[in-house]
Amino acid sequence: AQSVAQPEDQVNVAEGNPLTVKCTYSVSGNPYLFWYVQYPNRGLQFLLKYITGDNLVKGSYGFEAEFNKSQTSFHLKKPSALVSDSALYFCAVRDWGGNTGKLIFGQGTTLQVKP
Amino acid sequence: EPEVTQTPSHQVTQMGQEVILRCVPISNHLYFYWYRQILGQKVEFLVSFYNNEISEKSEIFDDQFSVERPDGSNFTLKIRSTKLEDSAMYFCASRLAGTGELFFGEGSRLTVL
């Protein structure tokens, strides 16, 4: 079965500093990995995905993520955090079991960027 | 930019009442999903729908739940007899064939009293 783990409930970072939100995965097939962001009382917005190809994928709002097969990780990064990046971030993996394309989400990590 | 739309944004209902949550997926998408999120926490899969039938459902999706695509554009989730524990944010999502990412609506908050 596929799963993702986000080991940190919350990440605090000062504005202008680099940020990392961690995600590790477990899959039985090819790892299709995703990051989503959720602002308060809003839906989930797609940020980026890794399907194949370069291990460093770039996404929306200056975010990027690094796929590391040996460490089974897919950490979300941004070189310089903004206060407006404060939100709930979810890592997700495609579930190959039912072949329906559904995503399985991690528990979420709250990112707090302080001025 | 095309988006998934959901109505109502918030519904309050009494326990035991029927509720229908509506979604209009992105027009050229073929795969549809319902997820729920309780108290801003983990996002849980409920059901997937393709080619006018359920393709997969979770343990949460019991006999009280049903989905329908009545007219080729709307995609609805019905809860027949709501329970207190059905209180959650319900998200509809859709996906284009051949891609991996799901696109989510803004959600429908259901409060069962």
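Structure: above.
Residues numbered from 1 in each chain as written. Chains lettered and ligands numbered in written order. Predicted model: local features only at pLDDT ≥ 70, side-chain atom pairs only at ≥ 80, totals over all residues. Heavy atoms only, no water.

## Let's talk about the overall build of chain A
Item 1. When its secondary structure is counted, chain A shows zero helices and 12 strands.
Item 2. Starting at the N terminus and walking to the C terminus, you meet the elements of chain A as β-β-β-β-β-β-β-β-β-β-β-β.
Item 3. Here the C-alpha radius of gyration of chain A, 14 Å, is about what a compact globule of 115 residues would show, namely 13 Å.
Item 4. Seen through its principal axes, chain A has C-alpha atoms that stretch 45 × 30 × 20 Å.
Item 5. Classification of the 115 residues of chain A by burial places 46% in the buried group.
Item 6. For chain A, contacts bridging at least 24 residues in sequence account for 56% of all contacts bridging at least 6. (Helix = DSSP H or I, 4+ residues; strand = E, 2+ residues; numbered from the N terminus. Rg over C-alpha atoms; globule rule 2.2 N^0.38 Å. Buried < 20%, exposed > 50% of the residue type's maximum accessible area, 1.4 Å probe, protein only. Contact = heavy atoms within 4.5 Å.)

## Here we look at the sheet that holds strand β7 (residues 65-68) of chain B
The strands making up a sheet are joined through hydrogen bonds of the backbone, oriented either antiparallel or parallel.
Residue and element names in this part refer to chain B.
Item 1. An order of β1-β3-β8-β7 is seen for the four strands of this open sheet, with the pairing classed as antiparallel. The open sheet terminates on both sides in strands that have one partner only, identified here as β1 (5-7) and β7. Strand after strand, the sheet turns through a mean of 15° between neighbouring axes, direction not considered.
Item 2. One ladder, built from five bridges, connects strand β3 (residues 19-24) with strand β8 (residues 75-79); its direction is antiparallel. Along β8, the bridge assignment pairs I20 with K78. (Pairing = 2+ DSSP bridges. Axes fitted to C-alpha atoms, helices over the stretch in contact; angles between N-to-C directions.)

## Re the state of the cysteines
Residues and elements named next belong to chain A.
Item 1. Taken as a whole and assessed by the stated rule, the structure comprises two disulfides over all chains.
Item 2. Across the disulfide, C23 is cross-linked to C91 (sulfur-sulfur distance 2.0 Å). Its S-S torsion of approximately -60° makes the covalent link between C23 and C91 left-handed. Taken together, the positions of C23 in the loop between β3 (19-21) and β4 (24-26) and C91 in strand β10 (residues 87-94) put the pair 68 residues apart, joining distant regions of the chain. A single burial state applies to C23 and to C91, both of which are buried. (Disulfide = S-S within 2.5 Å.)

## Considering the pairing of strand β6 (residues 44-50) of chain A
Residue and element names in this part refer to chain A.
Item 1. Bridge count between strand β5 (residues 33-38) and β6: six bridges; the pairing is antiparallel. Among the inter-strand pairings, L33 is bridged to a residue of β6, identified as Y50.
Item 2. From the end of β5 to the start of β6, which pair antiparallel, there are five residues, and N41 there has a positive phi angle of about 60°.

## Considerations on the nonpolar core
Item 1. Ranked by internal contacts, the top residues of the largest apolar core, which has 26 residues, are W35, L47, L48, F74, L76 and Y89 of chain A.
Item 2. Listing elements by their share of this core, those giving two or more residues are β2 (10-14), β3, β5, β6, β8 (64-68), β9 (73-78), β10 and β12 (109-114) of chain A.
Item 3. Take this core: its biggest share by element is four residues, from β10 of chain A.
Item 4. Apart from the residues within four sequence positions on either side, L47 of chain A is in contact with W35, Y36, V37, G59, S60, Y61, F63, L76 and Y89 of chain A.
Item 5. Counting 21 residues, the second largest nonpolar core, distinct from the first, contains V19, I26, Y90 and C92 of chain B. (Core = buried A, V, L, I, M, F, W, Y, C linked by side-chain atoms within 4.5 Å.)

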